[in-house]
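Spelled out from the first residue to the last, the chains are:
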Amino acid sequence: MPIVIRGLGPSLPVANPLCDPKLTLFDKDRKVLAFNGNWGDGPVPPPGFAPAHPKEALIAITLPPGEYTAVLGSEQACTGIGLVEVFNTAP
């Protein structure tokens, strides 16, 4: 199943947004499947899924059914409010 996972922070309209989100995707055995810190450094996302801020994170990946964990942190070890969004991009 093709999915997009976004880790947002700087574009959130909140006080104290997460300054530099880093997104890591793990499988059920804690193996890192993908990671991203600046969405423009990864594969081109499907139309309409690019985050508003260049420092936000995005993973576009095709996964089989199963258990996964997405962890949102910060590349600069800052704290703040972040948001993880997961989208099924299958037609």
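Up top you'll find the structure we're talking about.
Each chain carries its own residue numbering, running from 1 in the written order of its sequence. The predicted origin of the model limits local features to residues at a pLDDT of at least 70 and limits the giving and counting of side-chain atom pairs to 80 or more, whereas totals for whole chains, interfaces and linings rest on all residues. Hydrogens and water are ignored here; the side-chain numbers use all heavy atoms of the structure.

1. Points about the overall build of the protein
(1) Moving on: Numbering goes from the N terminus for both helices and strands, where a helix is a DSSP run of H or I of at least four residues and a strand is a run of E of at least two. Helix and strand counts for the protein come out as zero helices and six strands.
(2) Moving on: Secondary structure elements of the protein, listed N to C terminal, follow the sequence β-β-β-β-β-β.
(3) Moving on: Its C-alpha atoms give the protein a radius of gyration of 13 Å, near enough to 12 Å, the size a compact globule of 91 residues would have.
(4) Moving on: A burial count over the protein gives 31% of its 91 residues as buried.
(5) Moving on: Here the protein displays about 5,400 Å² of accessible surface, and carbon together with sulfur accounts for 58% of that area.
(6) Moving on: Asp and Glu count as negative and Lys and Arg as positive, but His and the ends of the chain are not part of the count. Positions of charges follow a simple convention, taking NZ of Lys, CZ of Arg, CG of Asp or CD of Glu. In the protein, which carries 6 positive and 8 negative side-chain charges, the distance between the mean positions of the two groups comes to 4 Å. The atom set for the radius of gyration is the C-alpha atoms, and the globule formula is 2.2 Å times the number of residues raised to the power 0.38. Each residue gets one of three labels from its accessible area relative to the maximum for its type: buried under 20%, exposed over 50%, partly exposed in between, using a 1.4 Å probe on protein chains only. Residue exposure ignores everything except the shown protein chains as possible cover, and the areas themselves are Shrake-Rupley values with a 1.4 Å probe.

2. Looking at the packing of aromatic side chains
(1) Moving on: Side-chain rings of Phe, Tyr and Trp (the six-membered ring for Trp) are treated as a pair once their centres are within 6.5 Å; stacked means planes under 30 degrees apart, edge-to-face means over 60, and tilted covers the remaining angles. Evaluation of the coordinates by the stated rule reveals one aromatic pair.
(2) Moving on: When the centroid spacing of 5.1 Å and the interplanar angle of 65° are considered together, the rings of Phe49 and Phe87 count as edge-to-face. Of this pair, Phe49 sits in the loop between strand 3 (32–36) and strand 4 (57–62) while Phe87 sits in strand 6 (residues 83–88); the two residues are 38 residues apart in sequence, bridging distant segments of the chain.
(3) Moving on: You can call Phe49 buried: its relative accessible area is 18%.

3. Points about the pairing of strand 1 (residues 2–8)
(1) Moving on: Taken across its seven residues, strand 1 has six buried, putting it largely inside the fold.
(2) Moving on: Relative to strand 4, strand 1 runs antiparallel, the two sharing six bridges. Paired with Arg6 across the bridge in strand 4 is Leu58.
(3) Moving on: Pairs of strands are assigned from DSSP output, requiring at least two bridges between the strands. Pairing between strand 1 and strand 6: six bridges, direction antiparallel. In the sheet register, Val4 faces strand 6, and the bridge partner there is Phe87.

4. Comments concerning the environment of Gly7
(1) Moving on: Along the chain, Gly7 falls in strand 1.
(2) Moving on: Spatially, the C-alpha atom of Gly7 lies 9.6 Å from that of Asn38, the residues being 31 residues apart in sequence.
(3) Moving on: With sequence-adjacent residues up to four places away left out, Gly7 is seen in contact with Pro21, Leu23, Glu56, Ala57, Leu72 and Leu83. In this description, contact between two residues means that some pair of their heavy atoms is separated by no more than 4.5 Å.

5. Looking at the environment of Phe26
(1) Moving on: If you trace the backbone, Phe26 turns up in strand 2 (residues 21–27).
(2) Moving on: By relative accessible area, which is 23% here, Phe26 ends up partly exposed.
(3) Moving on: Measuring from C-alpha to C-alpha, the distance between Phe26 and Pro54 comes to 23 Å, with 28 residues separating the pair along the chain.
(4) Moving on: Contacts of Phe26, omitting those with residues within four sequence positions, involve Lys31, Val32, Leu33, Glu67, Tyr68, Thr69 and Val71.

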